[in-house]
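Residue-level listing of the chains:
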Amino acid sequence: MTSLSVFGAQWGDEGKGKVIDRLAADYDYIVRYQGGANAGHTVVVGDQTYALHLIPSGILHPGKHNVVAGGVALDPITFLAEVEGLRKRGIAVDHTNLHLSSNAHVIFEHHKRIDALAEVWKGAGRIGTTGRGIGPCYGDKAARIGLRVGDLLDPERCKTRLRAVLAEKNALIEKVHGEQPLDLDEQIQRYHELADRLRPFVCDTGALLRHAHLAGKRILFEGAQGLMLDIDHGTYPFVTSSNTGPGGIPSGTGFPPVWLSESLGIAKAYCTRVGEGPFPTEQDNELGELLRRVGHEFGTTTGRPRRAGWFDALAVRYALAVSGSTSWVMTKLDVLSGLDELQVGVAYRVGTERYEEYPAHLADLGQVEVEYRSFPGWKQDITGARSMGDLPPEARAYIQALGELVEVPVSLVSVGPERSAMLPCQS
Ligand code: IMP
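Cut-off values and rules
Residues numbered from 1 in each chain as written. Predicted model: local features only at pLDDT ≥ 70, side-chain atom pairs only at ≥ 80, totals over all residues. Heavy atoms only, no water. Helix = DSSP H or I, 4+ residues; strand = E, 2+ residues; numbered from the N terminus. Near = heavy atom within 4 Å. Polar contact = N/O pair within 3.5 Å; in protein donor to acceptor, adjacent residues only side chain to side chain. Nonpolar A, V, L, I, M, F, W, Y, C, P; charged D, E, K, R; others polar. Axes fitted to C-alpha atoms, helices over the stretch in contact; angles between N-to-C directions. Parallel < 35°, antiparallel > 145°, perpendicular 65-115°, else oblique. Left-handed = near helix turned anticlockwise from the far one by under 90°. Contact = heavy atoms within 4.5 Å. Phe/Tyr/Trp six-rings, centres within 6.5 Å; stacked < 30°, edge-to-face > 60°. Buried < 20%, exposed > 50% of the residue type's maximum accessible area, 1.4 Å probe, protein only. Lys NZ or Arg CZ within 6 Å of the ring centre and 35° of its normal.

Asker: Explain unusual backbone geometry to me, please; I cannot follow it from the model alone.
Answerer: Cis peptide bonds are those with omega within 30 degrees of zero, and the linkage from Tyr236 to Pro237 qualifies with 5 degrees. Positionally, Pro237 belongs in the loop between strand S10 (219-226) and helix H9 (248-253). One non-glycine residue, Asp13, adopts positive backbone phi at about 60 degrees. Within the secondary structure layout, Asp13 lies in the loop between strand S1 (3-8) and helix H1 (16-24). Although it is not a glycine, Lys332 adopts a positive phi angle of roughly 60 degrees.

Next up, the structure:
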């Protein structure tokens, strides 16, 4: 296997950072292909915790190539702050291990402003975005008025294009939202300075990856968010603005789809979601509160409390099917320790209709009733387990059952934040 795509099979926050960190040791290139600083990947190495937003988790492994590809919506401020933050903690970051695509669309101040203002404008219909300017930036990309990293590096081109774009954005900010417009000269000056600091990292990452593949290098694609937040396959409109699954790789990188060898989904042993939108197995009660507390379910990027609930077998089976995964990683199984009984969503009901397959055609999933299957829980702490044999039989049975319900076997189970807390498994 020369390339592997790792992606979230729920609504994000599945613990991808930790899995990618573990796998990165076996790969030469680690690539972000979509999303932006809305993502937050937490990686624990020894007594150090790293929260990465834009830079691939492979940066924590010396000698790896980390690529931020053209499909990413790049906030230069966050990117450079992350570079500096890593350097301060003794991690070497330069053009030899971090490569930024000249095709990545740039998130400007006006994108973040408009993201926040649009949410207020939508009122009860808001999406609950991370406020990182993701939707407005991808919107401009599709409308063909966006600026890319390559444009930023050419001062005259940047000035001309930013002037044209900002005139319209300022009209929106001022006339529709009644807020202060942004100062054009200040913005131009600010982004010129940032461009100079980005310059050393910028290259044609598509060519870089194709050459690497032809030279027999191993490439790991790191998905951000989750398949259920995919703009095409997720719970639209309560989604992010990119293709979060492996489908986003070819367009987001210039890596030919026929070269993609395998994809690995990541899902928690339960489920969470941040922001608005349907979440059929949500437990808006004491159990949800318990999962949130024990699982530290607060956003890495925004600190927002995550909504929590039971594992939804329909959603995960759908996500694994859409992405063609042949195995998946179950994370945070330890969070369920101590519960008498576990539940798993196995079917939805809407009126007289019963669905065992995820009903992707339904316009509103908010109204479904969930049919659950119960499993016995276990009492002991399992964070010290280092092989499947160390787990109580109830936990092993739960893993086996979830693999069967989603029709894709579990290959690894994570029982704690450390690198070593990952148990290989043949379910
Ligand atoms: P946006 O990506 O900031 O536009 O937010 C759109 C939706 O995706 C909101 O519900 C966010 O909470 C959610 N979202 C975006 N990024 C992440 C993530 O990394 N983890 C979980 N949810 C996310």
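Now that the structure has been shown, we can carry on.
Asker: Help me understand the site of the ligand, please; the structure alone is not making it clear to me.
Answerer: Close contacts around the ligand come from 17 residues, with Asp13, Asn38, Thr130, Thr240 and Arg304 the closest. Thr130 places a side-chain nitrogen or oxygen 2.6 Å from an oxygen atom of the ligand. Within the side chain of Arg304, an N or O atom sits 2.9 Å from an oxygen atom of the ligand. Among the residues making up the shell around the ligand, the classes are represented as seven nonpolar, eight polar and two charged.

Asker: Is there a simple way to think about the packing of helix H3 (residues 109-122) against helix H6 (residues 155-176) in this case?
Answerer: Helix-helix packing: each pair is described by the crossing angle between the helix axes and the interaxial distance. Running from N to C, H3 and H6 point in directions that differ by 25 degrees, and their axes come no closer than 11 Å. Put simply, H3 runs roughly parallel to H6. For the pair H3 and H6, the sense of crossing is left-handed. Packed against H3, whose contacting residues are His110, Arg113, Ile114, Leu117 and Trp121, the element H6 presents Leu162, Val165, Leu166, Lys169, Leu172, Ile173 and Val176 at the interface.

Asker: Can you walk me through the packing of aromatic side chains in this structure?
Answerer: The geometry of an aromatic ring pair is captured by the separation of the ring centres together with the interplanar angle, meaning the angle of the planes. All told, the structure shown has eleven aromatic pairs when counted by the stated rule. Here Tyr318 and Tyr358 contribute two aromatic rings whose centre-to-centre distance is 4.4 Å and whose plane-to-plane angle is 35 degrees, an arrangement assigned as tilted. Of this pair, Tyr318 sits in helix H11 (residues 313-323) while Tyr358 sits in the loop between strand S17 (353-355) and strand S18 (369-376), and the two are 40 residues apart along the sequence. Of the two residues, Tyr318 and Tyr358, neither departs from the other in class, the shared state being buried. By the ring-pair criterion, three or more aromatic residues cluster together here, those being Tyr33, Phe221, Phe255 and Trp259. Note that Arg89 overlies the ring of Tyr50, its terminal NZ or CZ placed 4.1 Å from the centroid. Above the face of the Tyr27 ring, Arg218 is positioned so that its terminal group lies 4.7 Å from the ring centre.

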